Amino acid sequence: MSSETSPQSTGRKPRVAVVFGGRSSEHAISVVTAGAVLRAIDRTTYDVLPIGITTDGRWALTADDPERMAIADRTLPSVEQLAGSADGSVLLPVTPHSREVVYTEPGAVPKALGEVDVVFPVLHGPYGEDGTLQGMLDLAGIPYVGAGVLASAVGQDKEYMKRVFTSFGLPVGPYEVIRPREWQNDPSAARKKIVDFAGEHGWPLFVKPARAGSSMGITKVDDISGLDEAIAEAQRHDPKILVESLLRGREIECGVLEFEDGPRASVPAEIPPVTAHDFYDFEAKYIDSAAGIVPAPLTEEETRRVQELAVRAFDAASCEGLVRADFFLTEDGEFVINEINTMPGFTPISMYPRMWQETGVSYPELVDRLIQAALRRPTGLR
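Residues numbered from 1 in each chain as written. Predicted model: local features only at pLDDT ≥ 70, side-chain atom pairs only at ≥ 80, totals over all residues. Heavy atoms only, no water.

Chemist: Pulling in residues and values, what's your account of the overall build of the protein chain?
Modeler: Scanning the protein chain from terminus to terminus reveals 13 helices and 16 strands. Against the 2.2 N^0.38 benchmark of 21 Å for 382 residues, the protein chain shows a C-alpha radius of gyration of 21 Å, consistent with a compact globule. For the protein chain, the spread of C-alpha atoms along the principal axes amounts to about 65 × 50 × 45 Å. Here the protein chain holds 382 residues, and the buried ones make up 55% of them. At a minimum sequence separation of 6, the contacts of the protein chain that also span at least 24 residues come to 66%. (Helix = DSSP H or I, 4+ residues; strand = E, 2+ residues; numbered from the N terminus. Rg over C-alpha atoms; globule rule 2.2 N^0.38 Å. Buried < 20%, exposed > 50% of the residue type's maximum accessible area, 1.4 Å probe, protein only. Contact = heavy atoms within 4.5 Å.)

Structure (structure tokens):
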């Protein structure tokens, strides 16, 4: 986009493309997040273009209708329900010389939808939160909210996330990885690897997809009899499996947000034990609306420590924009980082916006800060 057509030069409002949905198993949660973001964006400051990605990968022009993007009667929404056409496709530019978005339908003349100044990608999981979309936007020279290619990939892959954290001196819990080739070539050896891990760290174990979120595909395994079923469930989402030992303690979360002078941490929150569920799984998070405690009942020293660790995790993974960092406060008083989420949920019950609300940043201000940070940030290497 040339300076002659920039918002600053023409006096027009910056145009934000909210991209949501996607091909991962977190499709519906992305739609819910998009609804909340669309509801919060100040339309007197920004023009908005909602773009949904269907479960089969088609980029669709969708209705700007947040009310239809919510979970209703335990039914999850989808881009297919919101798309204006079953065949039309949205095409983003592929070179840094233009930010013109085009809409096409079979047998019709392509229609120009105007230029996009920044993309707000609220995709969760693979094919969107993992650096794939970020790489495409970098190639096109379009600014976007949130982490870049490297941080997005590290934040999606729990194995390499833990390796990065360990290299930066951040405390992580015991884990084991089963790669696709291990399970395919010798499942007995892979199974023994997990059993040996349990022998060292004890049962129960958590078996989970290495590259999924929203607690998708996670099973708590109490003994070897449930292992194969848990592996099969995790592999429905990702052929690479992560096995973690049970860490006894409190679940603490902390948000990080990029300000003009650098990243800052929010007040932390606590996820209390979920009595109706075996752990804080998908149903507890999104269907039954398990409530977190904000702020977490921690001492001043504990709060300071978890905030420091959250910012350190943000920097260790080279994050930008925002992160939600999840910790365990163990019974011996130590914080262990479980994972980071480079595009945490923005649903009405999501912890990230709740923590910042309690810190003094309202939901609309939070969305505005993220967009403004993306507009300030140069494209390309930085």
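Chemist: Let's hear about the side chain of D117: which residues, and what values?
Modeler: For D117, the position within the fold is in the loop between β6 (111-115) and β7 (118-121). Residue D117 is classed as buried on the basis of its relative accessible area, which comes to 1%. There is a polar contact of 2.8 Å between the side chain of D117 and the side chain of R12. Looking at D117, its side chain comes within polar contact range of the main-chain nitrogen of R15, at 2.7 Å. (Polar contact = N/O pair within 3.5 Å; in protein donor to acceptor, adjacent residues only side chain to side chain.)

Chemist: Lay out the packing of helix α8 (residues 187-201) against helix α9 (residues 227-235) in plain terms, naming residues and giving numbers.
Modeler: Geometry of a packed helix pair, given as the angle between the helix axes and the separation of the axes. Their axes nearest at 12 Å, the elements α8 and α9 cross at an angle of 110°. Viewed along their axes, α8 and α9 adopt a mutual orientation that is roughly perpendicular. Contacts from R191, I194 and V195 in α8 reach L227, D228 and I231 in α9. Broken down by class, the residue content of the contact of α8 with α9 amounts to four nonpolar, no polar and two charged. (Axes fitted to C-alpha atoms, helices over the stretch in contact; angles between N-to-C directions. Parallel < 35°, antiparallel > 145°, perpendicular 65-115°, else oblique. Nonpolar A, V, L, I, M, F, W, Y, C, P; charged D, E, K, R; others polar.)

Chemist: How would you summarise the sheet that holds strand β2 (residues 47-53) if you had to cite specific residues and measurements?
Modeler: By way of backbone hydrogen bonds, the strands of a sheet pair with one another, either parallel or antiparallel. Taken in spatial order, the four strands of this open sheet run β3-β2-β1-β7, and their pairing is mixed. Where the open sheet ends on each side, the last strands, each with one partner, are β3 (59-61) and β7. Each strand axis lies, on average, 30° off the axis of its neighbour in the sheet, ignoring direction. With seven bridges connecting them, strand β1 (residues 15-21) and β2 associate as parallel partners. (Pairing = 2+ DSSP bridges.)

Chemist: Help me get a handle on the pattern of salt bridges, residues and values and all.
Modeler: Once their charged atoms are close, side chains differing in charge can pair, the charge on each being opposite to the other. Scanning the entire structure with this criterion turns up 30 salt bridges. Linking R304 and E301 is a salt bridge whose minimum nitrogen-to-oxygen distance equals 2.6 Å. With R304 and E301 both in helix α11 (residues 300-316) and three residues apart, this pair spans about one turn of that helix. According to the relative accessible area criterion, R304 is partly exposed, its value standing at 41%. Notably, a salt bridge pairs E320 with R382, separated by 2.7 Å at the nearest N-O pair. Here R382 lies in the segment after α13 (363-376) and E320 lies in the loop between α11 and β15 (322-330), a separation of 62 residues in the sequence. Each of D157, E159, R163, R179 and K240 takes part in salt bridges that share partners, so that together they form one network. (Salt bridge = Lys/Arg side-chain N within 4 Å of Asp/Glu carboxyl O.)

Chemist: Please set out the pairing of strand β5 (residues 100-104) residue by residue, giving values where relevant.
Modeler: Consecutive side chains along a regular strand alternate between the two faces of the sheet. The alternating pattern of β5 places V101 and Y103 on a buried face, while none of E100, V102 and T104, on the opposite face, is buried. Relative to β5, strand β4 (residues 89-91) runs antiparallel, the two sharing three bridges. Across the sheet, the residue bridging to S89 is T104, located in β5. One ladder, built from four bridges, connects β5 with β6; its direction is antiparallel. Bridge assignment links V101 to a residue of β6, and that residue is G114. Linking two consecutive strands that pair antiparallel, namely β5 and β6, is a turn of six residues; a positive phi of about 80° is found at G107 within it.

Chemist: Give a description of the pairing of β15 that names residues and reports values.
Modeler: For β15, a buried count of nine out of nine residues is recorded, marking the element as mostly surrounded by other parts of the structure. Every second residue of β15 is oriented toward a common face, with L322, R324, D326, F328 and T330 on one face and V323, A325, F327 and L329 on the other, all of them buried. Alignment of strand β12 (residues 249-259) against β15, held across nine bridges, turns out to be antiparallel. Among the inter-strand pairings, C254 is bridged to a residue of β15, identified as A325. Looking at chain direction, β15 and strand β16 (residues 335-341) are connected through six bridges and run antiparallel. Looking at β16, one finds that D326 is bridged to E339. From the end of β15 to the start of β16, which pair antiparallel, there are four residues, and G333 there has a positive phi angle of about 85°.

Chemist: Requested: an account of α11, with residues and values cited.
Modeler: Residues three or four positions apart in an α-helix share a direction because the helix packs 3.6 residues into each turn. With 17 residues, α11 ought to run about 24 Å at 1.5 Å a step, and its terminal C-alpha atoms sit 24 Å apart, in line with that. Turning to α11, its buried residues are T303, V306, L309, A310, V311, A313, F314 and A316. The first or second residue beyond α11 is S318, which carries a positive phi of 60°. (Expected span 1.5 Å × (residues − 1).)

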